[in-house]
Amino acid sequence: MLKIAVLVSGGGTNLQAIIDAIEAGTITNAQIDVVISNNPGVYALERAKNAGIEAMCLSPKEFESREIFNDVLTKTIIDRGIDLVVLAGFLVIIPPQLIKAYKNRIINIHPSLIPSFCGTGFYGLKVHEEALKRGVKVTGATCHFVDEGTDTGPIILQKAVCVEPDDTPKSLQQRVMEQAEWKIMPQAIDLIANDRIEVVDGRVVIK
Ligand code: GAR
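Parameters at a glance
- Residues numbered from 1 in each chain as written.
- Predicted model: local features only at pLDDT ≥ 70, side-chain atom pairs only at ≥ 80, totals over all residues.
- Heavy atoms only, no water.
- Salt bridge = Lys/Arg side-chain N within 4 Å of Asp/Glu carboxyl O.
- Helix = DSSP H or I, 4+ residues; strand = E, 2+ residues; numbered from the N terminus.
- Buried < 20%, exposed > 50% of the residue type's maximum accessible area, 1.4 Å probe, protein only.
- Contact = heavy atoms within 4.5 Å.

### Some thoughts on the pattern of salt bridges
Then, number 1: Under the criterion given, the structure shown has 7 salt bridges.
Then, number 2: The partner of lysine 126 in a salt bridge is glutamate 130, and the shortest N-O contact between them spans 3.6 Å. You can see lysine 126 and its partner glutamate 130 sitting in helix α5 (residues 125-134), 4 residues apart, about one turn around the helix.
Then, number 3: Of the charged contacts in the structure, one is a salt bridge between lysine 207 and glutamate 198, with a shortest N-O distance of 3.9 Å.
Then, number 4: A relative accessible area of 38% means that glutamate 198 is categorised as partly exposed.
Then, number 5: Where salt bridges share partners, they join Asp33, Glu54 and Arg80 into one cluster.

Put into structure tokens, the structure is as follows:
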């Protein structure tokens, strides 16, 4: 049984999609051990509690330095025996030591088709604002492994979503979530939990 830690910073709709998929049996061989937020007041923590999942807040602000926060977050994950770290809208830079210890065991959901609209500064609504500004007709979401770069790790799954003529950043964000993020994130977890993913030469092969 794959033991998962879900890291969140906001509303937690992707967390909810994972909880629902485990409950519905579309994710098998996996359980969420803990939900960790960097932000005390977010609704994602409520979602965890409502589902009977342990929820905790580890905020960089509570620690004397970023190094100490990084050590505590990494130790918490290792000590709990976590197999997979899922970044579900987690807007904190991942500790380098965690990335090293969890190579190809941390996944992220990004609200565009990587390599478009990604990298430093591209998160949340900003991604959709830039997509609309550029006038792309198709966007989407990407689920990928996390490496030392920003949005540069091996791509697991992507799903395209059409941009409509009257889209606002908000409406596009909502449609990308509904049609892409909430589908490919649970799907990727199920593939990992059932040992169907291999990374070969920096690329994901689905068995
Ligand atoms: C999601 O749209 C996710 O793709 C994005 O934050 C949102 C979190 O929503 N993540 C990034 O932009 C990471 N670069 P949620 O809290 O409702 O799941």
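### Here's the deal with the environment of isoleucine 22
Then, number 1: Along the chain, isoleucine 22 turns up in helix α1 (residues 13-24).
Then, number 2: Assessed through its relative accessible area of 25%, isoleucine 22 is described here as partly exposed.
Then, number 3: For isoleucine 22 and glutamine 173, which are 151 residues apart along the polypeptide, the C-alpha to C-alpha distance reads 24 Å.
Then, number 4: Contacts of isoleucine 22, omitting those with residues within four sequence positions, involve Ile27, Ala30, Gln31 and Ile32.

### Quick notes on the environment of alanine 193
Then, number 1: Following the sequence through the fold, alanine 193 ends up in helix α6 (residues 169-193).
Then, number 2: Taking the C-alpha atoms as reference, alanine 193 lies 30 Å from threonine 120; in sequence the two are 73 residues apart.
Then, number 3: Contacts of alanine 193, omitting those with residues within four sequence positions, involve Leu2, Thr28, Asn29 and Ala30.

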